[in-house]
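Residues per chain, in single letters:
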Amino acid sequence: MYTLEDMNLPYSSLDIYNSICTKIISNELAPGTKISEKTLCDEFKVSRSVVRTAVARLQQIHLLRVFPQRGIQIALLDIDLTYNATKIRHAIEREAVYFMFKNTLSDKLLNDLKVMLCEMKNLLKTPSKENIAKFKSTNAVYHLRIIQEVFSAKSLSLIYEVRIHMARWSNIDVSLLSVIDTLYKYNEAIYEAMASRHLQDALSAIHEHYECFVGNMHKVKENYPEYFSMEQA
């Protein structure tokens, strides 16, 4: 695949936004890392106005902090923000499941979930750092697939920021094997409850998955205190 650079095309503010956003979510740009307009201008070979447009958008969704005369910093983690984002996603997923049980629960959805469960199970057999990262990505897609069965892509754009902050959080620490093993068990319970048409069991498993994710937030904070602002200490 050709990149913009290969085709000698200029980068837009959206290209720069997507590049920085991806690096922040993956933790390539860790919380607290400092960057500068000049560095970004040199990297993407664009003017300051193009960079500033991208930076402003990232600042709006709480991924960057801009300090006049001092530069730009990758935003530190906000446990309250991520907790609320997780809570919103959790409520939407439960509503989607409830709606499906009251209307139509498709075999296509169940098959997609089963395939992803197999992928996650295989990744757990060889728990390397890379496979754990892939597991977390598949886990996110698993729950997004449930939501997508009911809500349109246009509707999901409303929780774009929610998904970004959840993804960023989950990528901070990819070494908690016991946590992802537990997440897999809850995912399996969700699938089995949906396949057997047991609504309350499905809702309970989704809630347990949510509680596990939230509980892991505090472990991440203990392991990486430098990623959090002093205000949250």
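Residues numbered from 1 in each chain as written. Predicted model: local features only at pLDDT ≥ 70, side-chain atom pairs only at ≥ 80, totals over all residues. Heavy atoms only, no water.

## Focus on the overall build of the protein chain
Broken down by element type, the protein chain carries 10 helices and 3 strands. Ordered by position from N to C terminus, the α and β elements of the protein chain give α-β-α-α-β-β-α-α-α-α-α-α-α. Against the globule reference of 17 Å for 233 residues, the protein chain gives a C-alpha radius of gyration of 20 Å, in line with a compact fold. Considered along the principal axes of its C-alpha atoms, the protein chain spans approximately 60 × 40 × 35 Å. Residue burial in the protein chain is summarised as follows: out of 233 residues, 44% are buried. When the accessible surface of the protein chain is split by element, carbon and sulfur atoms take 53% of a total near 12,900 Å². Looking at the protein chain, you have 28 positive and 27 negative side-chain charges, and the mean spots of the two groups are 2 Å apart. (Helix = DSSP H or I, 4+ residues; strand = E, 2+ residues; numbered from the N terminus. Rg over C-alpha atoms; globule rule 2.2 N^0.38 Å. Buried < 20%, exposed > 50% of the residue type's maximum accessible area, 1.4 Å probe, protein only. Areas by Shrake-Rupley, 256 points an atom, 1.4 Å probe, with all protein chains shown as cover. Lys, Arg positive; Asp, Glu negative; His and termini not counted. Charge placed at Lys NZ, Arg CZ, Asp CG, Glu CD.)

## Concerning the packing of helix 1 (residues 13-25) against helix 3 (residues 48-60)
For the pair helix 1 and helix 3, the least separation of the axes is 8 Å and the interaxial angle reads 50 degrees. When the axes of helix 1 and helix 3 are compared, the pair comes out oblique. Note on packing geometry: the crossing formed by helix 1 with helix 3 is right-handed. Together, Ser13, Leu14, Ile16, Tyr17, Ile20 and Cys21 of helix 1 and Val50, Val51, Thr53, Ala54, Arg57 and Leu58 of helix 3 make up the contact between the two elements. (Axes fitted to C-alpha atoms, helices over the stretch in contact; angles between N-to-C directions. Parallel < 35°, antiparallel > 145°, perpendicular 65-115°, else oblique. Left-handed = near helix turned anticlockwise from the far one by under 90°. Contact = heavy atoms within 4.5 Å.)

## Some remarks on the sheet that holds strand 2 (residues 64-67)
Through backbone hydrogen bonds, the strands of a sheet pair up, either in parallel or in antiparallel fashion. Spatial strand order, 1-3-2: 3 strands in an open sheet with antiparallel pairing. Looking at which strands have only one partner, the edges of the open sheet turn out to be strand 1 (34-35) and strand 2. Running at roughly 120 degrees to strand 2, helix 3 makes contact with strand 2 and strand 3 (71-74) of the sheet. (Pairing = 2+ DSSP bridges.)

## Thoughts on empty space enclosed by the protein
Within the structure shown, the criterion is met by 1 cavity of 30 Å³ or more. In this structure, the largest cavity spans a volume of roughly 30 Å³. Lining the largest cavity are Thr86, Arg89, His90, His209, Tyr210 and Phe213. By residue class, the composition of the lining of the largest cavity is 2 nonpolar, 3 polar and 1 charged. (1 Å grid on protein atoms, 1.4 Å probe; cavity = no way out; pocket = protein on both sides within 12 Å on 5 of 7 lines; lining within 4 Å. Points joined across faces, edges and corners; volume = space filled by probe spheres on them. Nonpolar A, V, L, I, M, F, W, Y, C, P; charged D, E, K, R; others polar.)

## Regarding the pattern of salt bridges
Two side chains that carry opposite charge are able to pair once their charged atoms sit near each other. Scanning all chains against the criterion turns up 10 salt bridges. Between Arg89 and Glu93 there is a salt bridge, with its nearest N and O atoms 3.7 Å apart. Of this pair, Arg89 and Glu93 are both found in helix 4 (residues 79-102), 4 residues apart, which corresponds to roughly one turn of the helix. A relative accessible area of 13% means that Arg89 is categorised as buried. Linking Asp112 and Lys108 is a salt bridge whose minimum nitrogen-to-oxygen distance equals 2.9 Å. One end of the pair is Asp112 and the other is Lys108, both in helix 5 (residues 107-125) and 4 residues apart, which spans about a single turn. Residue Lys108 is classed as exposed on the basis of its relative accessible area, which comes to 54%. Taken together, the salt bridges that share partners define one network made up of Lys108, Asp112, Arg145 and Glu149. (Salt bridge = Lys/Arg side-chain N within 4 Å of Asp/Glu carboxyl O.)

## Here's the deal with the packing of aromatic side chains
Evaluation of the coordinates by the stated rule reveals 3 aromatic pairs. Note on Trp169 and Phe228: the rings are 5.7 Å apart at their centroids and 70 degrees apart in plane angle, and the pair reads as edge-to-face. One end of the pair, Trp169, is in helix 8 (residues 160-170); the other, Phe228, is in the segment after helix 10 (199-223), with 59 residues separating them in the sequence. We note that Trp169, like Phe228, is buried. With 5.4 Å between their ring centres and 5 degrees between their planes, Tyr224 and Tyr227 make a pair best called stacked. Judged by relative accessible area, Tyr224 falls into the partly exposed class, the value being 22%. The buried category is assigned to Tyr227, whose relative accessible area is 12%. One Lys or Arg, Lys221, reaches over the ring of Phe228 and ends 5.8 Å from the middle of that ring. (Phe/Tyr/Trp six-rings, centres within 6.5 Å; stacked < 30°, edge-to-face > 60°. Lys NZ or Arg CZ within 6 Å of the ring centre and 35° of its normal.)

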